[in-house]
Amino acid sequence: MKQKILLLLITALVATSAISAQEQYKPEWDNLKNHKVTPEWFSDAKLGVYFHWGVYNVPANGNEWYGRFMYEHDRKKNWGKGIYDYHTKTYGRDKQYHDFIPEWKGEQFNAKEWVDKFEYMGAKFIGTIAEHHDGFSLWESEVNPWNSKKMGPKIDVVKEMALEVKKRDLKFMTTFHHGFHMMFFPKKENSVLRPATQHLVAYNQLEFPEGGDYDILYGNMPYEKECDIWLGKLNEVIDEYCPDYIWMDFAQGYVREDYRKQFLANYFNKAQELNKEVVVNTKGDFFPTDIAAVNVERATMEDITPFVWITDFQLGSSWGYNKDKRTALNPQKAIRILAEVVSKNGVMILAAAPMAEGIIPEEQVASMEGIGNWLQLYGEAIYNTRPFVEFGQGPTKLVSNPNDNWNAYGSIKAGLDKLNAQDVRYTQNGKTVYAIQLGWPGSKQELTLETFAGKAKNMKVKSIKVLGSKERIKWSTTNKGIKVTSPSKKPAEGDAAIVYKITLK
């Protein structure tokens, strides 16, 4: 009998192993499509945050592309124009990008303090930049000798953030911008295999050092070796941390297709091994959109989409800290944009810009606190919700500009900062509908929720109240929709937005 039971157990284990082997993802587009693009946790989360922190924070001039622009002496475009002259005047032409590394000390970096701030802001997934286009990694890497554990601050930033985030009921993300690394530093084409791109600027003589490890930092390598390093870096982070979300910047399409497919197979298989549901995004078409979530930078969509999409916004004046432009995102505008994004099936990510020493600028901290203050009170209208039958109403028209090259997938940038108290955005969670009025309209002001005379006309309303207010709200059903009246007293944090909580029968 014992032998029979043992035989059955062995047979079951063999069968399980066979099934498991069959379910392994393969580096083929058709097979990779079996992976769910966006799990429920991601659809529920609505808000995430990460940060740009790196070598570029030392000069802290212009933006996080300083390492490129400091070498472009004839840049015609406004973006980055003047950085070459600034670098020449401030540091001299003998100062190379890698010379900033020892000056980046990060002596005040504190993962716990940063995650505390991000969590209070209301982010449900929190992460770190893993590597920008400049080729400098923020984890202890065997593939890349140029990393933050070996030099500079001597900190494994990815590890420190991962450990702190995973202590809490939060998801962890890492961002990779390094698909553009091979194109980042201006150079003559050093391989005919490199994809042609408008981003390249050719010089007769390279200004940065060549040879040895310098070629690894400055992307001065044969195409296949660059692709090997691209995948090797990702594999290190996947194997060590397997983030819940790997965020990808534009230009991963410059990496050879078989490497891109292998990355996805490696990531999905590791997640499956750990029983994790993970997300990866595409900014453009380097991954198919039935495998990766669409990411539209600093934009929204024209209407509710059938798929969950992502958008990113800066907390500071640029993605990386700029000492000459100390501004921050207005928290009231941030809340309105968040409501706009969520109403159309989107998820919003904010990017902080810390200083080189590891301090998040006070104006960004104030912005995060303002966002958090509202979400602490009214987050139920955002988290765990789904789009209603209609995204909203109001006079602020958000229309796609076909001439904007950044407006992929019909996304919209213009007008987001104009959203106001005459605009309404809807979300829903089961029998509860939230009508988010994007600003304080004033005391006892009437508003007609028009969708209840349109797509929601057959829905029966049981009760309506304003979150954060103890006043009984006056409301009635009319042939133009449900007419509601704002409270006589403004709810706390109501300048950003007020929320009508509508309970359906």
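For the structure itself, look to the data block above.
Residues numbered from 1 in each chain as written. Predicted model: local features only at pLDDT ≥ 70, side-chain atom pairs only at ≥ 80, totals over all residues. Heavy atoms only, no water.

Explain the side chain of His178 here, please?
Considering the arrangement of structural elements, one finds His178 in the loop between strand S3 (171–176) and helix H8 (181–184). Given the relative accessible area of 2%, His178 is considered buried. Only 3.2 Å separates the side chain of His178 from the backbone oxygen of Trp230, close enough to count as a polar contact. Not counting residues within four places of it along the chain, the set of residues in contact with His178 comprises Glu131, His132, Trp230, Lys233, Leu234 and Gln252. (Helix = DSSP H or I, 4+ residues; strand = E, 2+ residues; numbered from the N terminus. Buried < 20%, exposed > 50% of the residue type's maximum accessible area, 1.4 Å probe, protein only. Polar contact = N/O pair within 3.5 Å; in protein donor to acceptor, adjacent residues only side chain to side chain. Contact = heavy atoms within 4.5 Å.)

Explain the pattern of salt bridges to me, please; I cannot follow it from the model alone.
Pairs can form between side chains of opposite charge whenever their charged atoms are close. A full pass over the atoms with the stated rule returns 27 salt bridges. The salt bridge involving Asp30 is made with Lys33; its shortest N-O contact spans 3.8 Å. For Lys33, a relative accessible area of 36% puts it in the partly exposed group. Here Asp44 makes a salt bridge to Arg386, at a shortest N to O gap of 2.8 Å. One end of the pair, Asp44, is in helix H3 (residues 40–45); the other, Arg386, is in the loop between helix H13 (362–378) and strand S9 (392–393), and 342 residues separate them in sequence. For Asp44, a relative accessible area of 23% corresponds to the partly exposed category. We classify Arg386 as partly exposed; its relative accessible area is 25%. Look at the salt bridges and you will find they share partners, linking Lys112, Asp116, Glu119, Glu164, Lys167 and Arg168 into a network. (Salt bridge = Lys/Arg side-chain N within 4 Å of Asp/Glu carboxyl O.)

When you look at helix H11 (residues 257–273) in this model, what are you seeing that I'm missing?
A turn of α-helix holds 3.6 residues, and therefore any two residues three or four places apart point the same way. In this model H11 runs 24 Å from its N-terminal to its C-terminal C-alpha over 17 residues, within 8% of the 24 Å that 1.5 Å per residue would give. Every buried residue of H11 is accounted for by Tyr259, Arg260, Lys261, Phe263, Leu264, Ala265, Tyr267, Phe268, Asn269, Lys270 and Ala271. As for H11, its buried residues are in contact with helix H2 (29–32), helix H10 (223–241), strand S4 (245–248) and strand S5 (279–282). (Expected span 1.5 Å × (residues − 1).)

Would you mind showing me how to read unusual backbone geometry here?
Across the chain, the bulk of peptide bonds are trans and the bulk of non-glycine residues have phi less than zero. Of note in the backbone geometry, Arg298 takes a positive phi value of approximately 50 degrees without being a glycine. Along the chain, Arg298 falls in the loop between strand S6 (293–297) and strand S7 (309–314). Here Arg298 falls in the partly exposed class, since its relative accessible area comes to 31%. Located in the positive-phi region is Asn345, a residue other than glycine, with phi close to 80 degrees. Examined against the element boundaries, Asn345 turns out to sit in the loop between helix H12 (331–343) and strand S8 (346–352).

Just to check I follow, could you spell out the packing of aromatic side chains for this structure?
Aromatic ring pairs are described here by two measures, namely the spacing of the ring centres and the angle between the planes. All chains considered together, the criterion is met by 43 aromatic pairs. Both rings, one in Trp139 and one in Phe176, keep their centres 5.9 Å apart while their planes meet at 65 degrees; by these two values the pair is edge-to-face. With Trp139 in the loop between strand S2 (125–131) and helix H7 (157–166) and Phe176 in strand S3, the pair connects residues that are 37 residues apart, well separated along the chain. Using a relative accessible area of 0% as the deciding quantity, one classes Phe176 as buried. Here the aromatic cluster, defined as three or more aromatic residues joined through ring pairs, consists of Trp65, Phe69, Tyr71, Trp79, Tyr97, Phe180, Phe184, Phe185, Tyr218, Phe250 and Tyr254. A cation sits over an aromatic face here: Lys344 above Phe391, 4.2 Å from the ring centre. (Phe/Tyr/Trp six-rings, centres within 6.5 Å; stacked < 30°, edge-to-face > 60°. Lys NZ or Arg CZ within 6 Å of the ring centre and 35° of its normal.)

Before we go on, may I ask you to explain the packing of H10 against H11 in this structure?
Helices that pack against each other are described as a pair by the angle of their axes relative to one another and the distance between those axes. Across the interface, H10 lies against H11 with an axial gap of 10 Å and an inter-helix angle of 10 degrees. Here H10 is positioned roughly parallel relative to H11, judged by the angle of their axes. For the pair H10 and H11, the contacting residues are Glu224, Cys227, Asp228, Trp230, Leu231, Leu234, Asn235, Ile238 and Asp239 in the first and Tyr259, Arg260, Gln262, Phe263, Asn266, Tyr267 and Lys270 in the second. Of the residues belonging to the contact of H10 with H11, the class tally is 8 nonpolar, 3 polar and 5 charged. (Axes fitted to C-alpha atoms, helices over the stretch in contact; angles between N-to-C directions. Parallel < 35°, antiparallel > 145°, perpendicular 65-115°, else oblique. Nonpolar A, V, L, I, M, F, W, Y, C, P; charged D, E, K, R; others polar.)

Got a minute to help me understand the sheet that holds S6 in this structure?
Across a sheet, strands are paired by hydrogen bonds formed along the backbone, either parallel or antiparallel in direction. In space, the 8 strands of this closed barrel follow the order S1-S2-S3-S4-S5-S6-S7-S8, with parallel pairing throughout. For this sheet the average axis-to-axis angle between neighbouring strands, irrespective of direction, equals 30 degrees. Pairing geometry for strand S1 (residues 47–51) and S8, over 5 bridges, is parallel. Bridged to Tyr50 within S8 is Ala351. Sitting on the sheet, helix H6 (residues 111–121) touches S1, S2 and S8, and the angle it makes with S1 is about 155 degrees. Lying on the sheet, H11 is in contact with S4 and S5; it crosses S5 at an angle near 155 degrees. (Pairing = 2+ DSSP bridges.)

What's the story with the environment of His52 in this structure? I'm lost.
With respect to the helices and strands, the residue His52 is situated in the loop between S1 and helix H4 (66–69). Separated by 301 residues in sequence, His52 and Ala353 place their C-alpha atoms 5.4 Å apart. When sequence neighbours within four positions are dropped, the list of residues in contact with His52 reads Asn57, Glu64, Ile129, His132, His177, Trp319, Gly320, Ala351, Ala352, Ala353 and Pro354.

What exactly am I supposed to notice about H6 here?
Looking only at H6, the buried set comprises Ala111, Trp114, Val115, Phe118 and Met121. Buried residues of H6 fall within an arc of 120 degrees about the axis and therefore sit on the same side. Each element contacted by the buried residues of H6 is listed here: S1, S2, H7, S8 and H13. Taking the backbone nitrogen of Lys112 as reference, a side-chain oxygen 3.1 Å away marks Asn110 as the first, capping residue of H6. Taken from the residues just after H6, Gly122 is the one with a positive phi, measuring 110 degrees. (Arc of directions from axis to C-beta.)

Help me understand the pairing of S7 in this model?
Two faces belong to every sheet, and in a regular strand the side chains alternate between them. Burial analysis of S7 places 6 of its 6 residues in the buried class, the great majority of the element. Pairing of S6 with S7, which is carried by 3 bridges, proceeds in the parallel orientation. The residue bridging Glu297 from the neighbouring strand is Asp312, located in S7. One ladder, built from 6 bridges, connects S7 with S8; its direction is parallel.

Would you mind showing me how to read the sheet that holds strand S16 (residues 498–504) here?
Judged by pairing direction, the sheet is antiparallel, and its 5 strands sit side by side in the order S9-S10-S11-S16-S13 without closing on themselves. Both outer strands of the open sheet, S9 and strand S13 (461–466), are each paired with one neighbouring strand and no more. Where S13 and S16 come together, 5 bridges link them in antiparallel fashion. Each residue of the ladder has a partner; that of Ile464, found in S16, is Ile502. Along the sheet face, H12 touches strand S10 (424–429) and strand S11 (432–437) and points at about 55 degrees away from the line of S10.

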